[in-house]
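# Reading the structure
So the chains spell out like this:
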Amino acid sequence: YLAPTCKEEYERMLDWSYKRTDYPVAIRVPYAISYSGEEDKTDYSILNKYKMIEQGGKVAIIALGDFFDKGREVKVLLKEKTGIDATLINPRFITGIDKDMLEGLKVNHSVVITLEDGELDGGFGEKITRFYGNSSMKVLNFGSHKEFTDRIPIDELYERYHLTNELIVKDVQKVLW
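What counts, and at which threshold
- Residues numbered from 1 in each chain as written.
- Predicted model: local features only at pLDDT ≥ 70, side-chain atom pairs only at ≥ 80, totals over all residues.
- Heavy atoms only, no water.
- Buried < 20%, exposed > 50% of the residue type's maximum accessible area, 1.4 Å probe, protein only.
- Helix = DSSP H or I, 4+ residues; strand = E, 2+ residues; numbered from the N terminus.
- Pairing = 2+ DSSP bridges.
- Right-handed = clockwise from strand over helix to strand, strands pointing away.
- Phe/Tyr/Trp six-rings, centres within 6.5 Å; stacked < 30°, edge-to-face > 60°.

## Side note on the pairing of strand β4 (residues 109–119)
Of all the 11 residues making up β4, eight are buried; the element is thus mostly covered by neighbouring parts of the structure. In this sheet, strand β5 (residues 138–144) lies alongside β4 in parallel orientation, the contact comprising six bridges. If you follow V111 over to β5, its bridge partner there is K138. Remark: the β4/helix α4 (residues 124–131)/β5 crossover connection has right-handed handedness.

Laid out in structure tokens, this is it:
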């Protein structure tokens, strides 16, 4: 199950998925798809390999699909508010984890946050939390709860789920200090 962050990734994932006969492929269509201006040359047949966009330290932000841009914004705000230059990761794969990358984060990170535009229960972030369960890594998952929200303004939902950039940074600060 794939989650593109831009039009180029989406098109590359589609091209790759057409040729799959050994297993099914699903792609979460981005809500607000835009061009990044960069060609995607990823070999998606190497399953569950995340892409490290910016290497930092102390905090790692794993921002899935439509929430990747939010991850960039949180990284900038976290730097402004705390001086922490966080690592930014585009996981691309929803159903699997990149064990090597997640293990590597243990070296110079103490907090991992996941951002997803889906439900937290049984979601992507829960997989990351489970991976770090027996370690000292602190994990914060940001997403939604299972409920009908079709008549609730998005700004109200973001406040409720702590999905504003400011609330995410405040939650990270609480865990760090």
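What follows picks up the thread again.
## A short note on the packing of aromatic side chains
Counting across every chain of the model gives six aromatic pairs. Ring geometry for W16 against Y44: centres 6.2 Å apart, planes inclined by 50 degrees, an arrangement best described as tilted. In this pair, W16 is assigned in helix α1 (residues 7–18) and Y44 in the loop between α1 and β1 (51–54), connecting sequence segments 28 residues apart. No difference in accessibility class separates W16 from Y44, as the two residues are buried. Geometrically, the ring pair formed by Y50 and F124 is tilted, given 6.2 Å between the ring centres and 55 degrees between the ring planes. One end of the pair, Y50, is in the loop between α1 and β1; the other, F124, is in helix α4, with 74 residues separating them in the sequence.

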